[in-house]
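# Structural description and commentary
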Amino acid sequence: MTIKTLLQQPLHPFYNIRYANGQFTTANLRSFYRNLLPPEGLTFDVSNQKVLANIDVFGTISRLTFYQDNFLTEEKPGVWVNKQYTQTQQLKFRLIVDGKKYDLSAPDHDVTIDLVEDSLPRIIHRYHGFTVYCIPFCPIVDNHRYSMLVYQTYVENNCRRPLQVSLPQISLFQQKYSDQQNVLIYQKGVQQEVATQGLASLSIGLLDPNAYQEATAFQTADLERWLTETLHYYQAMYGDLKMDDPVVGHLFNRALYQSFASFSMNSHEQIVGSNWGSYPATNRIWNKDMYYASLPFLFFDAALCQKTILWFDHYGVKFPGTKFPGGINHSLSNSLSCLLLCAMYYEYTNDLQFFRKHPQILAHGRKIVDTVLAQRTTDGPMLFTSVWISDAFALGKYHTGSNLCMWKACEGLSQLYQGLAETKLAEKYQAVAAKIKDAILENMTIEGPYGEQFLEGIGDKEKAFYEVKHYQKPIVEQGLIFLSNVIQNGKIQLLMHDGEESDTTLIPFYGFLEKDHPLYTQTLRFAASRANPTYSEEIRGITWGLESGATFPGFITVLMSALNNPGMFEQRIQELVQLTDLDGSWWWWPYKLGASHGEVVRNFGCGKCGWASGIFVSLFVTQYLGLRLQHDVLTVTPADDVTYTWNDLHLGSVFVDVSCMHHQITVTNRKGEPQFVRLKINDPADTELSSIRDGGAWYTEVILASNQSYTIERKSK
């Protein structure tokens, strides 16, 4: 794609805002946020993880963040690590054309902002006689992230005469040197003559002072190549996903980008945490948010997943403190985050070399698991305690989601040790995982309104209730502020679903049960019904106590409740489309308390939501589109009635094209070597190839040579 084609491609059909004649409009007629114009508080965000730029609708950089390092802190239940960063605000851009100054941030001309390839903002300023195109990007070139934002600017001459164009230096101080912004600024092509219908290229590099050595790279670079290479990184990550409703493919790409842009990396290539989402940058790191936002790395960027595993290995367990005693049981699921990522990383990449290179990871993870196992009393169930999930309590004497994580950690340890030929350890942890699973299924279910389902946790005296007095008195009110709807007479009702209890929603992703297992479907059906005391029928989401009308991870649980009902799933996905802001992002808290359906807000309490984006991507790929990978074997089991094509799909260790139509599924191997594919079928007599039965389902297995395709007939249930 040429630069001119990139600049002049049609307006993005969904993520766009126009400013003309003093009025803001959008071509997006499906988002509730179309009614929230002017777009106060909205930014289009650019990140390569080393840099985060939050850009307003006129192209002003409202915040530019460069990430540094980590330090421990004693703050909130879900936060015990902070990150350092330097930040610059309100960087505005000007042009001089034929001696006249133009302030691009001034509302005195027509402006359009949208997205290029679902990734980078494109800001178009229209003046009489010329048009200015701006595409800011954080370079990812040859697998290297630069600690800079490049503000690439093009001036198109629409006059019948040449124009003299220059780019004045951005002001770093107003009256004294101490006003200086904490950024290094370099420019290229600052003065040019532009012929009629010609295009001038002007570039500004905004660099992290801690990576000042990269100034030479900026000055000598082919910046248009950098721009196209950076776009190629995102395109390779997305592939080419086409759905019946085009907005769904764009929604998926933006969720993937939001997960990616939530993360932070220092100039030494180390992950140093995450934010709530791509806006705003925060010193605080919520470990649980970071874990969920990182899940798409399992599929689409193994190197980032490795760096994230190393971070959690170092910071996953809360250190001993004064406010919180810390330890593994402070938050069991957070303590196990590293092992959970290790288990799934191995499934999707089949990479053992990483663990051989970093033996401390499994040694540390095994120590955590063994410490937890030693807590079990001989007369108690194979279940384990946790005080917190993130900033809300892990409810009950034993919390269901936390114990699901314990099961996955042990199951993953077994698989890893099996791969490393540590047979005795593999057998040990497989046996432990089996006992934990049996204990969960035996103890943590109840007969609910739609059949047997999981509880949020289980009590001691009463299975479905747990007394508030069990929680620490100094922080009980703050810890339970999110659960006002389920506390009565000093007891917490455990037949409920917490909107931020995402591990039960991830049950089929973890492989604990299949997506159509009654325990799973009935649990989520309950979660998305009036029987769940935290569900709001008015906004079709899960409330967040006294804090907000809804928490966005709950909308992903509600979506998954309809997975086996195609018509209802379509309604739920359209709800997510409507809740998407005009930049393609979801906000953590889109509704205030007592809000009516569609009465959304932005930037209320929390920022954009990488947690929801991460679990949406993971469940959408594996459960709805039905693409799962285990040790180089791709399994294709789409949900009923879903149709799609996904070309150029890099999923973990595989590279394929997938075509899923109503009557057939075709998989094409795009790698230069054979790949193993497993396709689900309804009737084994329909195929001439040998079939296997796995978990009650029939599959056909085939090894595809490079560029070979295989098609199988698909029948609806």
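So, here is what we can say about the structure in this document. (Residues numbered from 1 in each chain as written. Predicted model: local features only at pLDDT ≥ 70, side-chain atom pairs only at ≥ 80, totals over all residues. Heavy atoms only, no water.)

Let us now look at the overall build of the chain. A tally of helices and strands in the chain yields 20 helices and 40 strands. Against the 2.2 N^0.38 benchmark of 27 Å for 717 residues, the chain shows a C-alpha radius of gyration of 26 Å, consistent with a compact globule. Seen through its principal axes, the chain has C-alpha atoms that stretch 85 × 65 × 50 Å. Carbon and sulfur atoms make up 48% of the accessible area of the chain, which amounts to about 26800 Å² in all. (Helix = DSSP H or I, 4+ residues; strand = E, 2+ residues; numbered from the N terminus. Rg over C-alpha atoms; globule rule 2.2 N^0.38 Å. Areas by Shrake-Rupley, 256 points an atom, 1.4 Å probe, with all protein chains shown as cover.)

By the secondary structure assignment, Met496 is in the loop between strand S29 (491-493) and helix H15 (502-505). In the structure, Met496 is positioned 173 residues away from Asn669 in sequence and 44 Å away in space, judged by C-alpha atoms. Among all residues touching Met496, those that are not within four sequence positions of it are Leu395, Glu456, Leu483, Val486, Phe526, Asn532, Pro533 and Thr534. (Contact = heavy atoms within 4.5 Å.)

The buried fraction of helix H5 (residues 287-294) is high, at 8 of 8 residues. Where H5 is concerned, the buried positions are Asn287, Lys288, Asp289, Met290, Tyr291, Tyr292, Ala293 and Ser294. (Buried < 20%, exposed > 50% of the residue type's maximum accessible area, 1.4 Å probe, protein only.)

Moving on to the sheet that holds strand S36 (residues 664-669). Taken together, the 5 strands give an open sheet; going across it, the order is S19-S34-S35-S36-S40, and neighbouring strands pair in antiparallel fashion. Each edge of the open sheet carries a strand with a single partner, namely strand S19 (240-243) and strand S40 (709-713). Along the sheet, successive strands turn relative to each other by an average axial angle of 15°, direction set aside. Across 5 bridges, S36 lies against S40 in antiparallel orientation. Directly across from Thr666, in S40, lies its bridge partner Thr711. In the packing of helix H4 (residues 246-261) onto the sheet, the strands contacted are S19 and strand S34 (644-651), and the crossing angle to S19 comes to about 140°. (Pairing = 2+ DSSP bridges. Axes fitted to C-alpha atoms, helices over the stretch in contact; angles between N-to-C directions.)

Relative to the elements of secondary structure, His109 occurs in the loop between strand S8 (100-103) and strand S9 (110-116). At 2.8 Å, the side chain of His109 and the side chain of Asp108 are in polar contact. A distance of 3.3 Å separates polar atoms of two side chains, one belonging to His109 and the other to Tyr127. Setting aside residues up to four positions removed in sequence, His109 forms contacts with Tyr19, Asp103, Leu104, His125, Arg126 and Tyr127. (Polar contact = N/O pair within 3.5 Å; in protein donor to acceptor, adjacent residues only side chain to side chain.)

Judged by how many residues are buried, strand S4 (residues 51-55) sits mostly within the fold: 5 of 5 residues are covered. Covered by surrounding structure in S4 are Val51, Ala53 and Ile55 together with Leu52 and Asn54, the residues of both alternating faces. The pairing of strand S3 (residues 44-47) with S4 spans 4 bridges and is classified as antiparallel. Across the sheet, the residue bridging to Phe44 is Ile55, located in S4.

Moving on, we get to the environment of Tyr212. Assignment of secondary structure puts Tyr212 in the loop between strand S18 (199-207) and helix H2 (215-220). Taking the C-alpha atoms as reference, Tyr212 lies 47 Å from Glu422; in sequence the two are 210 residues apart.

Looking now at the packing of H4 against helix H19 (residues 566-578). The relative placement of two packed helices is expressed as an angle between their axes plus a distance between the axes. Running from N to C, H4 and H19 cross one another at 60°; their axes reach a closest spacing of 11 Å. For the element pair H4 / H19, the angle class is oblique. Along this stretch, H4 crosses H19, giving a crossing that reads as left-handed. Here Val247, Val248 and Leu251 of H4 lie close against H19, whose contacting residues are Ile573, Leu576 and Val577. Of the residues assigned to the contact of H4 with H19, the class counts are 6 nonpolar, no polar and no charged. (Parallel < 35°, antiparallel > 145°, perpendicular 65-115°, else oblique. Left-handed = near helix turned anticlockwise from the far one by under 90°. Nonpolar A, V, L, I, M, F, W, Y, C, P; charged D, E, K, R; others polar.)

This brings us to empty space enclosed by the protein. Enumeration according to the criterion identifies 5 cavities of 30 Å³ or more in this entry. What the largest cavity holds in volume is close to 60 Å³. Secondary-structure elements contributing two or more residues to the lining of the largest cavity are helix H7 (302-315), helix H9 (337-349) and helix H11 (359-373). Considering every element that reaches the lining of the largest cavity, the biggest residue donor is H11, with 4 residues. Across the lining of the largest cavity, the residue classes tally to 6 nonpolar, 4 polar and 1 charged. Lining the second largest cavity we find Gln453, Phe454, Leu455, Glu456, Met496, His497, Thr504, Thr523 and Phe526. Elements with a contribution of two residues or more to the lining of the second largest cavity: strand S25 (451-454) and helix H17 (518-527). A per-class count over the lining of the second largest cavity returns 4 nonpolar, 4 polar and 1 charged. (1 Å grid on protein atoms, 1.4 Å probe; cavity = no way out; pocket = protein on both sides within 12 Å on 5 of 7 lines; lining within 4 Å. Points joined across faces, edges and corners; volume = space filled by probe spheres on them.)

Looking now at helix H20 (residues 610-624). Here H20 is 15 residues long and its end C-alpha atoms lie 20 Å apart, about the 21 Å a rise of 1.5 Å per residue gives. Across the 15 residues of H20, 15 count as buried, placing the element largely inside the fold. Of the residues flanking the end of H20, it is Gly626, one or two places downstream, whose phi is positive at about 75°. (Expected span 1.5 Å × (residues − 1).)

Before going further, it helps to examine the packing of H5 against H20. Close contact between H5 and H20 brings their axes to 7 Å; oriented N to C, the two are set at 35°. Like other packed secondary-structure pairs, H5 and H20 cross with a definite hand, here left-handed. The segment H5 lies against H20, with Lys288, Asp289, Tyr292 and Ala293 engaging Gly610, Trp611, Gly614 and Ile615.

The next subject is the sheet that holds S29. In space, the 3 strands of this open sheet follow the order S27-S29-S28, with antiparallel pairing throughout. The two strands at the open ends of the sheet, each matched to only one other strand, are strand S27 (465-467) and strand S28 (487-488). Pairing geometry for S27 and S29, over 3 bridges, is antiparallel. Within the sheet, the bridge partner assigned to Glu467 lies in S29 and is Lys491.

Let's shift gears to the packing of aromatic side chains. Counted under the stated rule, the structure contains 45 aromatic pairs. Centre to centre, the rings of Phe324 and Trp388 are 6.2 Å apart; their planes meet at 85°, and the pair counts as edge-to-face. Of the two residues, Phe324 sits in the loop between H7 and helix H8 (332-335) while Trp388 sits in the loop between H11 and strand S23 (398-399), which places them 64 residues apart along the sequence. The ring of Phe218 has Lys188 sitting right over it, with the charged end atom 5.9 Å from the ring centre. Note that Lys318 overlies the ring of Phe319, its terminal NZ or CZ placed 3.7 Å from the centroid. (Phe/Tyr/Trp six-rings, centres within 6.5 Å; stacked < 30°, edge-to-face > 60°. Lys NZ or Arg CZ within 6 Å of the ring centre and 35° of its normal.)

In this fold, Asp289 is placed in helix H5. Of the buried charged residues, Asp289 lacks a salt bridge, with Lys288 as the closest side chain of opposite charge at 9.2 Å. (Lys, Arg positive; Asp, Glu negative; His and termini not counted. Salt bridge = Lys/Arg side-chain N within 4 Å of Asp/Glu carboxyl O.)

Okay, the environment of Glu229 next. Mapped onto the fold, Glu229 is located in helix H3 (residues 223-238). In this view, Glu229 contacts Ile140, Val141 and Asp142; residues no more than four positions away in its chain are not counted.

Most of strand S10 (residues 120-127) sits out of view: 7 of its 8 residues are buried. Relative to S10, S9 runs antiparallel, the two being bridged by 7 bridges. When the sheet's bridge partners are listed, Leu115 is paired in S10 with Pro121. Counted along the chain from S9 to the antiparallel partner S10, the turn is 3 residues long, and its residue Glu117 has a positive phi close to 55°. In the sheet, S10 pairs with strand S11 (residues 130-137) via 5 bridges, with the strands oriented antiparallel. Paired with Ile124 across the two strands is Tyr133, which belongs to S11.

Under the definition given, this model contains 28 salt bridges. Arg122 is paired through a salt bridge with Asp114; the nearest N and O atoms lie 2.6 Å apart. Arg122 sits in the buried class, given a relative accessible area of 2%. Notably, a salt bridge pairs Asp142 with Arg225, separated by 3.8 Å at the nearest N-O pair. Pair noted here: Asp142 is in the loop between strand S12 (140-141) and strand S13 (144-145) and Arg225 is in helix H3, with a separation of 83 residues, a long-range link.

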